[in-house]
Amino acid sequence: MKRPLNQIIAEAITAGILPPSAATFIQHEAHRPWPVVLLTAFGAWLAAIPLMGIIFLLCGDYLARDTRALYPLSLIMCGVAVAILRRASLPLFIEQLAIPALLAGAATMSAAFYIDMSIGNGSAGVALLAIALATLIPRNWLRVLLGAISCTFIMAAIVILAASRDRDGFWMVLHAAMGIWLVTDFVQRQHLRSVLVDRLATGWVLTIIAGLAFWTGMTFLVGATINSGPVSTMASLSQPLASFAQLASAVLTLGGAAWLAKRWPALHTPWYALTTAVFTGLAVLMPSLGAVMMILALCTSSGRWGIATAAGAAAAWIMGALYYQLAYPLATKALILIGAGALFALIAWLAIRDRAPVVSDGSAPPARKETHAARIGIALTAVAVLTIANIGIWQKESLIANGRPVLVELAPVDPRSLMQGDYMRLNFNLPQEVSQMSEGETGSARLKVAGKVNEKGIVELTRLHDGTPLALGEIVIELTPRHGGHTLVTDAWYFQEGEGKRWEAAKYGEFRVDASGKALLVGMRGANLEAL
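Reading the values: rules and limits
Residues numbered from 1 in each chain as written. Predicted model: local features only at pLDDT ≥ 70, side-chain atom pairs only at ≥ 80, totals over all residues. Heavy atoms only, no water. Helix = DSSP H or I, 4+ residues; strand = E, 2+ residues; numbered from the N terminus. Buried < 20%, exposed > 50% of the residue type's maximum accessible area, 1.4 Å probe, protein only. Axes fitted to C-alpha atoms, helices over the stretch in contact; angles between N-to-C directions. Parallel < 35°, antiparallel > 145°, perpendicular 65-115°, else oblique. Left-handed = near helix turned anticlockwise from the far one by under 90°. Contact = heavy atoms within 4.5 Å. Nonpolar A, V, L, I, M, F, W, Y, C, P; charged D, E, K, R; others polar. Expected span 1.5 Å × (residues − 1). Phe/Tyr/Trp six-rings, centres within 6.5 Å; stacked < 30°, edge-to-face > 60°. Pairing = 2+ DSSP bridges. Core = buried A, V, L, I, M, F, W, Y, C linked by side-chain atoms within 4.5 Å. Polar contact = N/O pair within 3.5 Å; in protein donor to acceptor, adjacent residues only side chain to side chain. Patch = residues over 30% accessible without salt bridge, like charges linked within 9 Å, V, L, I, M, F, W, Y side chains within 5 Å. Areas by Shrake-Rupley, 256 points an atom, 1.4 Å probe, with all protein chains shown as cover. Salt bridge = Lys/Arg side-chain N within 4 Å of Asp/Glu carboxyl O.

A. Representation of the overall build of the protein within the structure. Scanning the protein from terminus to terminus reveals 18 helices and 11 strands. Counting over 532 residues, the protein shows a buried share of 41%.

Dropping the structure here:
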């Protein structure tokens, strides 16, 4: 049976874990579902933008002469909003009116800071303003948001004032911020037990987690999925910081694992030791992983599952970013990931064999036994997957063996984006009417282009095929929708790492085409039609 929240709060206040004022604040927010609070915050941000515009339109001429008027104006807006939000019982509609005023007032004062101070000092002023507002306003979700803002601007101030805006400086600032959070979290849980500090620290650590993931760069396959242009790669730290960062990442991972094992004695098993070793090895390769693993361990052991979930997602992101780590060859990275995956599979098998729950409260239902029908279903699924995969392979092998060989000229591309990682970006000479046609204009139908093949086997694609009979010597090739447009089969040619020079001379793409227009890219040819 779950106990009411009010009862839990009363017991925590009696035990001295929470201050007496916590009851009023937490009871007020408990009856509001989090989607309502989230939508309120989102609407407030949107409403603050036109409100800021109105302020600067009305006061624009005066502010151009003297920016000191921004301070009393922002203080009035923040003061009114704080006075409203400090009320214990507040209708949601009134809160929706007060929050835009608060955000507009805070943004106005922030603008004044940046106008009258340097960027570094202005960032520090914004961080202090966020902490002051969090102290005055008894709204826990706002305190988390203001904690995140304070962390962001404090880190920005340190980076700017220290003139270390490179990757090295960002890594050091993130870990310094995490050190501040570790000290604050210890003092808070051992001595302060303050709701304000807890909420500010929550926003602070969530910002650190996001910053570590951002510092790492793009993770595996996400860049290609969102089509955001060239995928950002993770450049190495400079020496000697790189060696220190690897050591610090490993030590943080080991420290988090040791803390978790201390809090949960059921983890004193061989499979947990192996898990720690795998994560420590990955932390050496990824200098941002150790801090995330430490946060994950601390928050998991104390039951802060929201922060732990965010840290777990960031850890998965960072480990996936190893694919774009330029310090190692592609084959080495593949072996590392395959080896880590195999070890995790072994760890899972050992943990299942032990069947020892980490936290046992007697409430978990007994595990369901695997049935004969389930085993048959798994076997049929495996057979179906293998059948479909082999049919696709057979179709492509048949096209390579029996298709007509033709060459299509590559269109000029920007040399700076010609080589990206281990593939070459392709752009074919297509008819202009196809280049100007978006993917959405064609619906579900596949477009085809027609062209004439010369005596060298080079096809010049001249027109969009509308179904009319082909002229003598003409063929059709089916186009593939790609990134909102169309291309021939694919827009990338993948090759073995280190062979970039070999493929820079590519002038033609070599295809196999069947009678229906199905095509497959099988190779590249140089300017003299030589095979590369």
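B. Region of the structure containing the packing of helix α11 (residues 241-263) against helix α13 (residues 289-301). Two numbers describe how α11 lies on α13: the axes approach to 7 Å, and their chain directions differ by 15°. Overall, the two elements α11 and α13 adopt an arrangement that is roughly parallel. The hand of the α11/α13 crossing is left-handed. Seen from α11, the contacting residues are S249, L252, T253, G255, G256, W259, L260 and R263; seen from α13, they are L289, G290, A291, M293, M294, A297, L298, T300 and S301. Across the contact of α11 with α13, the residue classes break down as nine nonpolar, seven polar and one charged.

C. View of helix α14 (residues 305-320). The terminal C-alpha atoms of α14, which comprises 16 residues, lie 22 Å apart, in line with the 22 Å expected from a rise of 1.5 Å per residue. Turning to α14, its buried residues number three or more, namely I307, A308, A311, A314, A315, I318 and G320.

D. Spotlight on the packing of aromatic side chains. A complete count under the given rule lists six aromatic pairs for this structure. Between the aromatic rings of F170 and F214, the centroid separation amounts to 6.4 Å while the plane-to-plane angle is 65°, which identifies the pairing as edge-to-face. Of this pair, F170 sits in helix α8 (residues 167-192) while F214 sits in helix α9 (residues 195-216), and the two are 44 residues apart along the sequence. Of the residues examined, F170 reaches a relative accessible area of 24% and is grouped as partly exposed.

E. Fine view of the pairing of strand β6 (residues 474-478). The buried fraction of β6 is high, at five of five residues. Both faces of β6 are covered, namely the face carrying E474, V476 and E478 and the face carrying I475 and I477. Sheet topology note: the strand β4 (residues 448-453)/β6 ladder contains five bridges and is antiparallel. Across the sheet, the residue bridging to G451 is I475, located in β6.

F. The sheet that holds strand β10 (residues 508-513), seen in detail. The strand order β1-β10-β11 describes an open sheet built from three strands, whose pairing is antiparallel. Where the open sheet ends on each side, the last strands, each with one partner, are β1 (404-409) and β11 (519-525). Strand-to-strand twist in this sheet, taken as the mean axis angle between neighbours without regard to direction, amounts to 30°. In terms of strand pairing, β10 meets β11 through six bridges, oriented antiparallel. In the strand pairing of β11, R512 is matched with L520. Along the sheet face, helix α16 (residues 372-402) touches β1, β10 and β11 and points at about 55° away from the line of β11.

G. Structural detail: α13. With 13 residues, α13 should reach 18 Å at 1.5 Å per residue; the first-to-last C-alpha distance of 18 Å fits that figure. The buried fraction of α13 amounts to 13 of the 13 residues, a majority that puts the element mostly inside the structure. Among the residues trailing α13, G303 stands out with phi positive, at a value near 75°.

H. Structural view of the nonpolar core. W181, I208, L289 and I295 are the most contacted members of the largest nonpolar core, which totals 57 residues. Where this core is concerned, the elements lending two or more residues are α7 (140-161), α8, α9, α11, α12 (270-285), α13, α14 and α15 (330-354). Per element, the largest residue contribution to this core is 10 residues, and it comes from α13. Not counting residues up to four positions away in its chain, the partners in contact with I295 are M178, W181, V205, I208, I209, I307 and A311.

I. Representation of the sheet that holds strand β5 (residues 459-464). Sheet architecture is open: three strands sit in the order β5-β4-β6, paired in antiparallel fashion. In this open sheet, the two strands that pair with only one neighbour each are β5 and β6. Across this sheet, the average inter-strand angle for adjacent strands is 35°, counted without regard to direction.

J. Just the side chain of E510, in detail. Positionally, E510 belongs in strand β10. Reaching out from E510, the side chain makes a polar contact with the side chain of R512 at a distance of 3.1 Å. Leave out the neighbours within four places in its chain, and E510 touches V406, L407, L520, L521, V522, G523 and R525.

K. Summary view of a nonpolar patch on the surface. A cluster of nonpolar side chains, contributed by F42, L46 and I49, occupies part of the molecular surface with about 330 Å² of accessible area. Along the chain, L46 falls in helix α3 (residues 34-65). Among the residues examined, L46 registers a relative accessible area of 46% and is labelled partly exposed.

L. Structural view of the environment of T300. Looking at where T300 falls in the secondary structure, it is placed in helix α13. Judged by relative accessible area, which is 12%, T300 ranks as buried. For the pair T300 and R263, spaced 37 residues apart in the sequence, the C-alpha separation amounts to 10.0 Å. Setting aside its immediate chain neighbours within four residues, T300 contacts L260, W264, W305 and A308.

M. Fine view of unusual backbone geometry. Residues other than glycine seldom take positive phi values, yet R193 does so here, at roughly 55°. Within the element layout of this structure, R193 appears in the loop between α8 and α9. The class of R193 is partly exposed, set by a relative accessible area of 33%. At L529, a position not held by glycine, the phi torsion is positive, near 70°. Looking at where L529 falls in the secondary structure, it is placed in the segment after β11.

N. Region of the structure containing the packing of α12 against α13. Closest axis-to-axis distance for the α12/α13 pair is 8 Å, and the angle between their directions is 140°. Comparing their axes, α13 and α12 come out oblique. Between α12, through F279, L282 and A283, and α13, the contact on the second element is made entirely by L289, G290 and M293.

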